[in-house]
Amino acid sequence: MKSLRARLLWFLLAAIVLAAGTQAVVTYRAVLEAADDIFDQHMQQMALSLRAGLPPSSTVGGLGGGEENFEFIVQIWTLDGIRIFDSAAQSALPQRAVLGFSNVKARGTTYRVFSLATGALVIQVAQDMAARRRMAGTLALRTVGPIVLAAPLLMLVVWWVVSRSLAPVARVRRQVATRQADDLSPLNEADLPEEVRPLVHELNLLFVRVRQAFEAQKHFVADAAHELRSPLAALKLQVQGLQRAADDATRELAVARLAAGIDRATRLVEQMLALARHEASAAAGAQPEAVSLPEVARLAISDTVAAAQSRDIDIGMARADPATVRGQPEALRTLLRNLIDNAVKYTPPGGRVDVGIAAGPGGVELSVDDSGPGLPESERERVLDRFYRAGQAQAPGSGLGLSIVKSIADLHGAAVSLEPSSLGGLRVLVRFPAAA
């Protein structure tokens, strides 16, 4: 039984039937016992009332008439065993009675008999147990009847309440069943039970992550189709130039241009894949972990130190406070490597690049300063956009480095800002929020 509605109805209705049946049985037995007590008391009171009206001797009228449908049978005996009164002829009750209450089998049935001795007489009051059971059963059924009638009514109420309570769940099921494959809009959480609402809420969060992943994929495909067109066209032209080269010098120049074009295309593809990977990681909701920023900075510097040495650029850590942030180690390493790589590319030979990590009560600041030409204030916000490159002469690139930095910073809840550097060039500052 996998249906929650069927399971609830089955167990609740079974519990109602069981409770009603138990209540009916207990009530029936209690009423029967109470009826026995009442009838016994009635018989006792009848015998006592007869004792008060009898003479002390045996001068009682003769035997009773032949009526056989009396509810009670009354007999009066002398101490010698002579029956001097019988309310029902041929009752065939025993002549010797046990004083008090007893059960006697006679005439194919069982009688409840009460015997009382008074002077020279013995009074017997008897009642057929079958008649007693019929009257007691009628009384008990009248008591149990309302319970039996109330049980189906209660079952209908339970069915209505369960169906009404699970109606929002059925509504959500219909919403999911009828929506298109590309419809990732959130499900309506209104009126849902508290036990189901967290599930639907998490499902909506999953829809958000899947939608973000789809959007990242669409952006990647659109960007790749747009941005790879020009490098591939340039490579084709350079190949054609190589084919038309008339001498070795021209051929060597064409080969060098072709190699540079391939390097630029490779760098563009790597940057686009890195951006797509981090956007997909953000959409998938990867779990963060504790990351040491100084360790990440040392690894990022080691990745770019060869390029800096080839241009005689002094690169190092200007400040390295112990600082730990919650995030993804590889993503943070990519962020810092892109910042250092940009700084190295735009810093003239013999320049300087400083990496700083400052920890404070307001959070952690990661900075990269260079002694390059800097960036006009009007360009500082736009360079964070994809494929945007400043209008002035710049080093070769794809325009994706700072966009990747911003994407990773957003993933970690950090803010990116560009400022003038004390070294004379540009300073990129990434502010991580304080740990909770």
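None of these values were measured; they are calculated from a predicted model.

The helix and strand inventory of the protein stands at nine helices and 12 strands. Per-residue burial over the protein gives 38% buried out of 436 residues. Counting contacts in the protein only where the partners sit at least 6 residues apart, residues at least 24 apart contribute 60% of the total. Total accessible area on the protein is roughly 24,800 Å²; 59% of this is exposed by carbon and sulfur atoms.

Across the sheet, which stays open at both edges, the five strands sit in the order 7-9-10-12-11 with mixed pairing between neighbours. With partners counted over all chains shown, the strands left at the sheet margins are strand 7 (314-320) and strand 11 (415-420), one partner each. Shown here is a sheet whose adjacent strand axes are inclined to one another by a mean of 15 degrees, direction ignored. Examined bridge by bridge, strand 11 and strand 12 (residues 426-433) share six bridges and lie antiparallel to one another. Within strand 12, the position partnered with P420 by the bridge is L426. Along the sheet, helix 7 (residues 293-310) makes contact with strand 7, strand 9 (352-360), strand 10 (363-370) and strand 12, crossing strand 7 at roughly 170 degrees.

So, on to the packing of helix 7 against helix 8 (residues 329-346). Viewed as axis vectors pointing N to C, helix 7 and helix 8 meet at an angle of 40 degrees, and their least axial separation amounts to 9 Å. Two packed elements cross with a definite hand, and for helix 7 against helix 8 that hand is right-handed. On helix 8, the residues that touch L293, V296, A297, L299, A300, I301, D303, T304, A307 and A308 of helix 7 are L332, R333, L336, R337, I340, D341 and V344. Here the residues of the contact of helix 7 with helix 8 sort into 12 nonpolar, one polar and four charged.

This part is about unusual backbone geometry. Trans peptide bonds make up most of the peptide bonds, and negative phi angles are found at most residues other than glycine. Phi is positive for D312, which is not a glycine, with a value near 60 degrees. The residue D312 is located in the loop between helix 7 and strand 7 in this model.

With respect to the secondary-structure elements, F114 resides in strand 4 (residues 109-118). Residue F114 is classed as buried on the basis of its relative accessible area of 7%. Distance in space between the C-alpha atoms of F114 and N103 is 8.9 Å, their sequence separation being 11 residues. Apart from residues no more than four positions distant in its own chain, F114 is found in contact with M43, Q44, A47, G100, F101, I123, Q124 and V125.

A separate point is the sheet that holds strand 5 (residues 121-128). Here we have five strands laid out as an open sheet, ordered 2-1-5-4-3, and antiparallel in their pairing. Single-partner strands in this sheet number two, and they are strand 2 (83-86) and strand 3 (100-106). Put simply, the sheet's adjacent strands are angled 25 degrees from each other on average, direction ignored. Contacts from helix 2 (residues 129-165) reach strand 4 and strand 5, with the element oriented near 55 degrees to strand 5.

Moving on, we come to the pattern of salt bridges. According to the stated counting rule, one finds 13 salt bridges in the structure shown. Its salt-bridge partner being D36, residue R133 comes within 3.0 Å of it at the nearest N-O pair. Residue R133 is found in helix 2, and its partner D36 is found in helix 1 (residues 4-53); the two are separated by 97 residues along the sequence. By relative accessible area, which is 17% here, D36 ends up buried. Between R333 and D303 there is a salt bridge, and its shortest N-O distance comes to 3.0 Å. Note that R333 is positioned in helix 8 and D303 in helix 7, a separation of 30 residues in sequence. One network of salt bridges, with partners in common, ties together E365, D369, E419, R427 and R431.

Moving on, we get to the side chain of S102. Mapped onto the fold, S102 is located in strand 3. The contact partners of S102, leaving out residues within four places of it in the chain, are Y111, R112 and V113.

In this section: the packing of aromatic side chains. Per the stated rule, a full pass over the model turns up one aromatic pair. Measuring from ring centre to ring centre gives 4.7 Å for F101 and F114, while their planes differ by 45 degrees; the resulting arrangement is tilted. Here F114 lies in strand 4 and F101 lies in strand 3, a separation of 13 residues in the sequence.

With respect to the element layout, T304 can be found in helix 7. Beyond its immediate chain neighbours, meaning those up to four positions away, T304 contacts I315, R337, I340 and D341.

So, about helix 2. In this model, helix 2 (37 residues) spans 52 Å end to end at C-alpha, consistent with the 54 Å of a helix rising 1.5 Å per residue. Where helix 2 bends most, at V144, the angle is about 35 degrees, and the proline P146 comes one to four residues later. Where helix 2 is concerned, the buried positions are M129, A131, R132, A136, G137, A140, V144, A151, V158 and V162. By the N-cap criterion, in which a side-chain oxygen at the helix start approaches the backbone nitrogen of a residue two or three places on, helix 2 is capped by D128, the distance to A130 being 3.1 Å.

Below, the discussion takes up the pairing of strand 8 (residues 324-327). Of the two faces of strand 8, only the one carrying V325 and G327 is buried; T324 and R326 on the other face are not. Of the pairings in the sheet, the one linking strand 6 (residues 289-292) to strand 8 comprises four bridges and is antiparallel in character. Looking at strand 8, one finds that S292 is bridged to T324.

Conventions adopted
- Residues numbered from 1 in each chain as written.
- Predicted model: local features only at pLDDT ≥ 70, side-chain atom pairs only at ≥ 80, totals over all residues.
- Heavy atoms only, no water.
- Helix = DSSP H or I, 4+ residues; strand = E, 2+ residues; numbered from the N terminus.
- Buried < 20%, exposed > 50% of the residue type's maximum accessible area, 1.4 Å probe, protein only.
- Contact = heavy atoms within 4.5 Å.
- Areas by Shrake-Rupley, 256 points an atom, 1.4 Å probe, with all protein chains shown as cover.
- Pairing = 2+ DSSP bridges.
- Axes fitted to C-alpha atoms, helices over the stretch in contact; angles between N-to-C directions.
- Left-handed = near helix turned anticlockwise from the far one by under 90°.
- Nonpolar A, V, L, I, M, F, W, Y, C, P; charged D, E, K, R; others polar.
- Salt bridge = Lys/Arg side-chain N within 4 Å of Asp/Glu carboxyl O.
- Phe/Tyr/Trp six-rings, centres within 6.5 Å; stacked < 30°, edge-to-face > 60°.
- Expected span 1.5 Å × (residues − 1).
- Bend = angle between axes of the 7 residues up to and from the residue.
- Polar contact = N/O pair within 3.5 Å; in protein donor to acceptor, adjacent residues only side chain to side chain.

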